[in-house]
Amino acid sequence: MNARAAIAGGLLLAACAGGAPVTTAFDRSAGEVEVRLHGDGFVTSAGRRMPLERFVLELRQRVRSMDQDDVRGRFVVRVRL
């Protein structure tokens, strides 16, 4: 993945965010992941720097192993730019 694609993905995600935080019904009881996007195709999550593709794969495997009720409204992914 090149830097342009990573920046475009980050901008796409940022476009969805408003200025003020939105109150939601998420309770985070099934878990929470925070990820920081970098402009070079890498992310930082849980203190580890890794390629974006690796993060997506690990997150996908984690979510697939969970019960669907846990995923809906109780598993939160926070994206930081």
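Remember, it's a predicted structure, so these values are computed and weren't measured experimentally.

The rules behind each value
- Residues numbered from 1 in each chain as written.
- Predicted model: local features only at pLDDT ≥ 70, side-chain atom pairs only at ≥ 80, totals over all residues.
- Heavy atoms only, no water.
- Patch = residues over 30% accessible without salt bridge, like charges linked within 9 Å, V, L, I, M, F, W, Y side chains within 5 Å.
- Areas by Shrake-Rupley, 256 points an atom, 1.4 Å probe, with all protein chains shown as cover.
- Salt bridge = Lys/Arg side-chain N within 4 Å of Asp/Glu carboxyl O.
- Helix = DSSP H or I, 4+ residues; strand = E, 2+ residues; numbered from the N terminus.
- Pairing = 2+ DSSP bridges.
- Axes fitted to C-alpha atoms, helices over the stretch in contact; angles between N-to-C directions.
- Contact = heavy atoms within 4.5 Å.
- Buried < 20%, exposed > 50% of the residue type's maximum accessible area, 1.4 Å probe, protein only.

1. Structural notes on a nonpolar patch on the surface
Residues Val77, Val79 and Leu81 make up a contiguous nonpolar surface patch of about 240 Å² in total accessible area. Counting through the fold element by element, Val79 comes out in strand S4 (residues 75-80).

2. A few points about the sheet that holds strand S3 (residues 48-51)
Spatially, S3-S2-S1-S4 is the arrangement adopted by the 4 strands of the open sheet, whose pairing is mixed. Taken across any chain shown, the strands that pair with only one partner, and hence form the sheet edges, are S3 and S4. Between one strand axis and the next, the sheet turns through 30 degrees on average, direction left out of account. In terms of strand pairing, strand S1 (residues 31-37) meets strand S2 (residues 42-45) through 3 bridges, oriented antiparallel. Across the sheet, Arg36 pairs through a bridge with Thr44, a residue of S2. Contacts from helix H2 (residues 52-64) reach S1, S2, S3 and S4 within the one sheet, and its direction differs from that of S3 by about 100 degrees.

3. Here we look at the pairing of S2
Because side chains alternate across S2, one face comprises the buried residues Val43 and Ser45, and the other comprises Phe42 and Thr44, none of which is buried. Where S2 and S3 come together, 4 bridges link them in antiparallel fashion. Bridge pairing links Phe42 to Pro51 in S3. The turn linking S2 back onto S3 is made up of 2 residues, and Ala46 within it adopts a positive phi angle of 55 degrees.

4. Some points on the environment of Gly41
Relative to the assigned elements, Gly41 resides in the loop between S1 and S2. We classify Gly41 as buried; its relative accessible area is 7%. In contact with Gly41, not counting residues within four places along its chain, are Ala6, Pro51 and Leu52.

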